[in-house]
Amino acid sequence: MPDFSTRTANWNDDKAALMQIRRVVFVEGQNVPASLESDDYDNDSWYVLAELTNGTPIGCARLQPNGKVTRIAVLDEFRRQGIAGQMLRDIITLAESNNMNTLYLHAQISAIGLYEQFDFVQSGDQFEEAGIQHVKMTRSSA
Ligand SMILES: CC(C)(COP(=O)(O)OP(=O)(O)OC[C@H]1O[C@@H](n2cnc3c(N)ncnc32)[C@H](O)[C@@H]1OP(=O)(O)O)[C@@H](O)C(=O)NCCC(=O)NCCS
């Protein structure tokens, strides 16, 4: 288990770290076009960043003001150790404290099991986005 912690982050202060993780995981790791990696939500969203104790960024997640959770990424060498799970927990807390009680995301098919653990439920058919198969998943707070 790596010694990591998570914290809320913002685009102004943490852009370099957030972009670095997204570039490595999505652009280099999944061949997502760099032009699709940044978008109009970057400035206005909330973020969670996972870091090693020495401050090295290893994971990120984004919560858009419209309730969509996006850009969930963990560097390859740190996967399957609960880091995305901790970031999702933080995103849900962040959303609820902002009275955002319904969240949704476009899950890559391989990650459906992760989101189900946090009560996201599949809705609709699979579709392609950035060349990868996805399905919409929604979560409502009790
Ligand atoms: C998806 C991703 C963010 C998961 O990060 P992670 O830190 O490894 O996730 P966690 O360790 O918190 O996983 C918790 C649980 O989710 C499930 N899970 C996570 N990754 C999975 C995978 N690739 N396949 C199947 N189940 C997976 C497992 O149930 C896992 O629990 P377990 O390890 O006890 O079996 C990471 O693999 C990643 O960055 N992938 C590339 C980018 C990506 O696909 N992002 C998601 C876009 S929707």
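Our structure is the block above this text.
Caption draft 1: View of the site of the ligand. Near the ligand you find 20 residues, and of these Ile72, Val74, Arg80, Gly82 and Gly85 are the closest. Between the ligand and the protein, one listed contact pairs an oxygen atom with a backbone N or O atom of Gly85 at 2.8 Å. Here Ser110 contributes a backbone N or O atom positioned 3.2 Å from a nitrogen atom of the ligand. In isolation the ligand has 890 Å² of accessible area, and contact with the protein removes 75% of it. Mapped by element, the contributors of at least two residues to the shell around the ligand are helix H1 (11–30), strand S4 (69–74), helix H3 (83–97), strand S5 (102–108) and helix H4 (112–116). Of the residues belonging to the shell around the ligand, the class tally is 10 nonpolar, eight polar and two charged.

Caption draft 2: Layout of unusual backbone geometry. One non-glycine residue, Asn99, lies in the positive phi region at around 60 degrees. If you trace the backbone, Asn99 turns up in the loop between H3 and S5. Despite not being glycine, Asp119 has its phi angle at roughly 70 degrees, a positive value. Tracing the sequence through the fold places Asp119 in the loop between H4 and strand S6 (121–129).

Analysis parameters
- Residues numbered from 1 in each chain as written.
- Predicted model: local features only at pLDDT ≥ 70, side-chain atom pairs only at ≥ 80, totals over all residues.
- Heavy atoms only, no water.
- Near = heavy atom within 4 Å.
- Polar contact = N/O pair within 3.5 Å; in protein donor to acceptor, adjacent residues only side chain to side chain.
- Areas by Shrake-Rupley, 256 points an atom, 1.4 Å probe, with all protein chains shown as cover.
- Helix = DSSP H or I, 4+ residues; strand = E, 2+ residues; numbered from the N terminus.
- Nonpolar A, V, L, I, M, F, W, Y, C, P; charged D, E, K, R; others polar.

Geometric values such as these leave the question of function open.
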